[in-house]
Amino acid sequence: MACENLEIDFILQDDNPEMASVESDIVDNLEKIGIQVNTKFLNDTEYRDAEVQGDYHLLFTRTWGAPYDPHSYMSSWEVPSHVEYSAIGNLQPPLTRESLVERIQKVQTELDETKIASQWRSIMEDVHAQSLFLPLWGTRIPYVLNRRLIGFTPSTQAYSIPVQSIQVASGSKSVTIAPGVGALFSSTGPINPHQYSPNALWAQDWIYEGLVSYGQDGEIVPALASSWKVDSSPDGGQIVTFQLRENVLFHDGTPFNCSAAVLNLDHVLSDVVKQRHQWFGAGKYLKSWTCNGETALVLETSSPFYPLLQELTYIRPLRFASPSAFAEGLDSDPDLHNSCESGDFGSKWDKLEDDVKCMGLSAPIGTGPFKFVSRNVAADGSDDEVVFAGNEDYWGQKPGIETLTAVQYGSVEDVEAALMAGDLDMAMGIGPLNAKQVQKLKFRHSDMFDVRHSDVIQHSLLVFNGNKAPMNDIAVRRAVIHAIDKATFIEEQFAGLEEPVNQLLPKSAPYCNVDLSPKWGYDLEKAELICAQGTLQASPSTSLTGGAVAGIVIAAIAGVALLGLVAKMIQRERAGKPMFAQTKTEIS
């Protein structure tokens, strides 16, 4: 078979138990059609470099989840900072990277709900047809709490670990947590609200707040803004006036007001720094931010932008730090003393520091329900533990936890042992425990632990590098898709915690409740048939159109009787109605 000539690199993060649990199954599945897989477990920095540089054939990742899907997640494909940028580098005609990005941007300037829904459907159908993604399972975020803690509510937002509502029913109000948003906790980073890695999202979320928050079913709820009004501007944009919540203090006692808000906006959206936030539509469309007194903030956009309020709920980059943490306080110049941390733009964006002076923030000081207290740094530079304290002056519901300590553990087994011994109170999010451990604690130790799950927030998936041979051949991608028996290994590895999915984005995401076809289900016979046509490309120079692939497949089948069968199969495949009967592992 032609597939026997193919060799691909499979990239995973070395500290992610969820990734590791399915790696061998995927390798074994592809071996059945002759594809040799070289698995590379990389540390966080190496993994992100592989994403950005396109140094992979197959890579495990997730969609961004609520509230980022679909618009922010797909807008990020325009920027060489994420794996999807390289994945869409060689699309099947007539679709191109440029035309796809243009459509993704255009739909966000619509205000008519019918047009928005129609355009998103068209975009998702065309992306689905490219066979660049293999959705695996819908991710439900697990939370394990010692039963001495009550009142917890699962998150509605990806990357958030909402501990504010927790009350201590018995024992000490000093609580320990093993947090994770994809891997075991190793560091919070500097906890700067305006930047990305190495800053831990969950820690940023505890300390800092924005104007609005993301509620149940996508409801936009007041946060540091108590109310707002949206009007049309004379030049075709939008004017949003936020009434700011009064009597709110930063953790250092500095008042939150419009001057503080504008300072943060000036630094995040300076002409230089906002280049790092190209995925962030608010940065692209906001043209001014001004005060109407100290209690009203006025934002104006250059054109309509329907996701504006939704983007203002994000954990980063537009949450507010105390002016006292800026290098020159309220007088900090966005170019001369920017809040950015030097070296933290990411390798693709280091050049920005040629035009801006990154002075960072002196300390993580926000208005949120928890305050930063201290960290214990290990010899390797990671955080052994980071201590937070409940904000007794918080404007909203005051935390029931007085001291909250995030603790680093070396393995998921260590986390489980600490929970069972009573040394650890909570394991929260994806990473601290694997799915089988979560289910064991839920069903065998329910007397000790309260185990909760979020709704499906993200989809876990494999991304194919459409810009690198042999994955730049759509026939290869489809052979791989049909060869992977995801339903079987999901059932085996996740003990019923997760279920298979068959499209890129969760149907719960705005405008994503669409039925996409064909269904990319497991069908080993079909994968072998695609391989058997004998001309799967082994170099970037031989690219096949869909029509050419169909023709070659037909020509490769011996026998007149089989010829009619294959022609019928191809016709039904194009119509989204696969001819081959599915097995019990069919994805429905």
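Structure shown above.
Residues numbered from 1 in each chain as written. Predicted model: local features only at pLDDT ≥ 70, side-chain atom pairs only at ≥ 80, totals over all residues. Heavy atoms only, no water.

A. Seen up close, the overall build of the protein chain. In terms of regular secondary structure, the protein chain is built from 17 helices and 18 strands. Judged by the C-alpha coordinates and their principal axes, the protein chain covers about 85 × 65 × 40 Å. Residues counted as buried form 58% of the 588 residues belonging to the protein chain. Relative to all contacts within the protein chain whose residues are 6 or more apart in sequence, the contacts with residues 24 or more apart total 70%. Carbon and sulfur atoms make up 48% of the accessible area of the protein chain, which amounts to about 22900 Å² in all. (Helix = DSSP H or I, 4+ residues; strand = E, 2+ residues; numbered from the N terminus. Buried < 20%, exposed > 50% of the residue type's maximum accessible area, 1.4 Å probe, protein only. Contact = heavy atoms within 4.5 Å. Areas by Shrake-Rupley, 256 points an atom, 1.4 Å probe, with all protein chains shown as cover.)

B. Just the side chain of N391, in detail. Note on placement: N391 falls in the loop between β15 (383-390) and β16 (403-407). In terms of polar contacts, N391 uses its side chain to reach the backbone amide nitrogen of D393, at 3.0 Å. When sequence neighbours within four positions are dropped, the list of residues in contact with N391 reads H251, T367, G368, P369, F370, K371, K398 and P399. (Polar contact = N/O pair within 3.5 Å; in protein donor to acceptor, adjacent residues only side chain to side chain.)

C. The pattern of salt bridges, seen in detail. Under the defined criterion, the tally for this structure stands at 17 salt bridges. In this structure, the salt-bridge partner of K468 is D55, at a minimum N-O distance of 3.5 Å. With K468 in the loop between β18 (449-464) and α13 (474-483) and D55 in the loop between α2 (44-53) and β3 (58-62), this pair connects stretches of sequence that are 413 residues apart. The partner of K519 in a salt bridge is D515, and the shortest N-O contact between them spans 2.3 Å. The partly exposed category is assigned to K519, whose relative accessible area is 25%. Connected through shared salt-bridge partners, D235, K287 and E300 make up one network. (Salt bridge = Lys/Arg side-chain N within 4 Å of Asp/Glu carboxyl O.)

D. Highlighting helix α11 (residues 412-421). Residues of α11 that are buried: V412, V415, E416, A418 and L419. Summarising the axial view, the buried residues of α11 lie within an arc of 160°, below the 170-degree limit, and thus occupy one face. In the core, the buried residues of α11 are packed alongside α1 (17-31), β4 (133-146), β7 (174-181), β17 (426-430), α12 (435-444) and β18. (Arc of directions from axis to C-beta.)

E. Quick peek at the sheet that holds strand β13 (residues 296-301). If you trace the four strands from one edge of the open sheet to the other, you get β10-β11-β13-β12, paired in antiparallel fashion. Unpaired on one side and paired on the other, β10 (225-232) and β12 (286-291) mark the two borders of the sheet. Ignoring which end each strand starts from, the neighbouring axes of this sheet average 15° apart. In this sheet, β13 lies alongside strand β11 (residues 238-244) in antiparallel orientation, the contact comprising five bridges. (Pairing = 2+ DSSP bridges. Axes fitted to C-alpha atoms, helices over the stretch in contact; angles between N-to-C directions.)

F. Expanded view of α1. Under the 1.5 Å per step criterion, the end-to-end length of α1 is 22 Å for 15 residues, consistent within 8% with the ideal 21 Å. The largest bend along α1 measures about 30° and falls at E23. Where burial is concerned, most of α1 is hidden: eleven out of the 15 residues are buried. Residues of α1 that are buried: P17, E18, M19, S21, V22, E23, D25, I26, V27, N29 and L30. (Expected span 1.5 Å × (residues − 1). Bend = angle between axes of the 7 residues up to and from the residue.)

G. Quick peek at the packing of α12 against helix α14 (residues 486-494). Packing of α12 against α14 leaves a shortest axis separation of 7 Å and a crossing angle of 50°. Regarding the angle of α12 to α14, the classification is oblique. For the pair α12 and α14, contact is made by A435, K436 and Q439 and by E492, Q493 and F494, respectively. Looking at the contact of α12 with α14, its residues break down into two nonpolar, two polar and two charged. (Parallel < 35°, antiparallel > 145°, perpendicular 65-115°, else oblique. Nonpolar A, V, L, I, M, F, W, Y, C, P; charged D, E, K, R; others polar.)

H. Representation of the packing of α13 against helix α15 (residues 524-532) within the structure. In contact at an axis separation of 7 Å, α13 and α15 are set at 155° when each is read in the N-to-C sense. It follows from the interaxial angle that α13 and α15 lie roughly antiparallel. Crossing angle aside, the handedness with which α13 passes α15 is left-handed. From α13, A475, R478, A479, H482 and A483 reach across to α15, where they touch L524, K526, A527, I530 and C531. (Left-handed = near helix turned anticlockwise from the far one by under 90°.)

I. Highlighting the packing of aromatic side chains. In total, this model carries 26 aromatic pairs according to the counting rule given. A centroid spacing of 4.8 Å and a plane angle of 25° characterise the contact between Y285 and F305, whose relative ring orientation is stacked. Of this pair, Y285 sits in helix α9 (residues 281-285) while F305 is found in the loop between β13 and α10 (308-311), placing the two residues 20 residues apart along the sequence. Judged by relative accessible area, which is 9%, Y285 ranks as buried. (Phe/Tyr/Trp six-rings, centres within 6.5 Å; stacked < 30°, edge-to-face > 60°.)

J. Expanded view of unusual backbone geometry. Note the cis peptide between A66 and P67, where omega equals 0°. Considering the arrangement of structural elements, one finds P67 in the loop between β3 and α3 (71-75). Cis geometry is found at the peptide bond from S197 to P198, where omega equals 15°. By secondary structure assignment, the location of P198 is in the loop between β7 and α7 (201-207). With a phi angle near 75°, Y159 is a residue other than glycine that sits in the positive phi range. On the secondary structure map, Y159 appears in the loop between β5 (149-150) and β6 (167-168). In this model, N247 sits at a positive phi of 65°, which is unusual for a non-glycine residue. Its location among the elements puts N247 in the loop between β11 and α8 (258-268).

K. Quick look at the side chain of N199. With respect to the helices and strands, N199 occurs in the loop between β7 and α7. By relative accessible area, N199 is classed as buried at 5%. A polar contact of 2.7 Å, which involves the side chain of N199, links it to the backbone oxygen of Y196. When residues no more than four places from it in sequence are discounted, the contact partners of N199 are T188, G189, P190, I191, N192, Q204 and R316.

L. Inspection of the state of the cysteines at higher detail. Within this structure, the stated rule accounts for three disulfides. Two residues share a disulfide in this structure: C3 and C531, whose sulfurs sit 1.8 Å from each other. On the sign convention where negative means left-handed, the S-S torsion of about -80° between C3 and C531 marks this disulfide as left-handed. Placement of C3 in the segment before β1 (7-13) and of C531 in helix α15 is noted, with a sequence separation of 528 residues between them. (Disulfide = S-S within 2.5 Å.)

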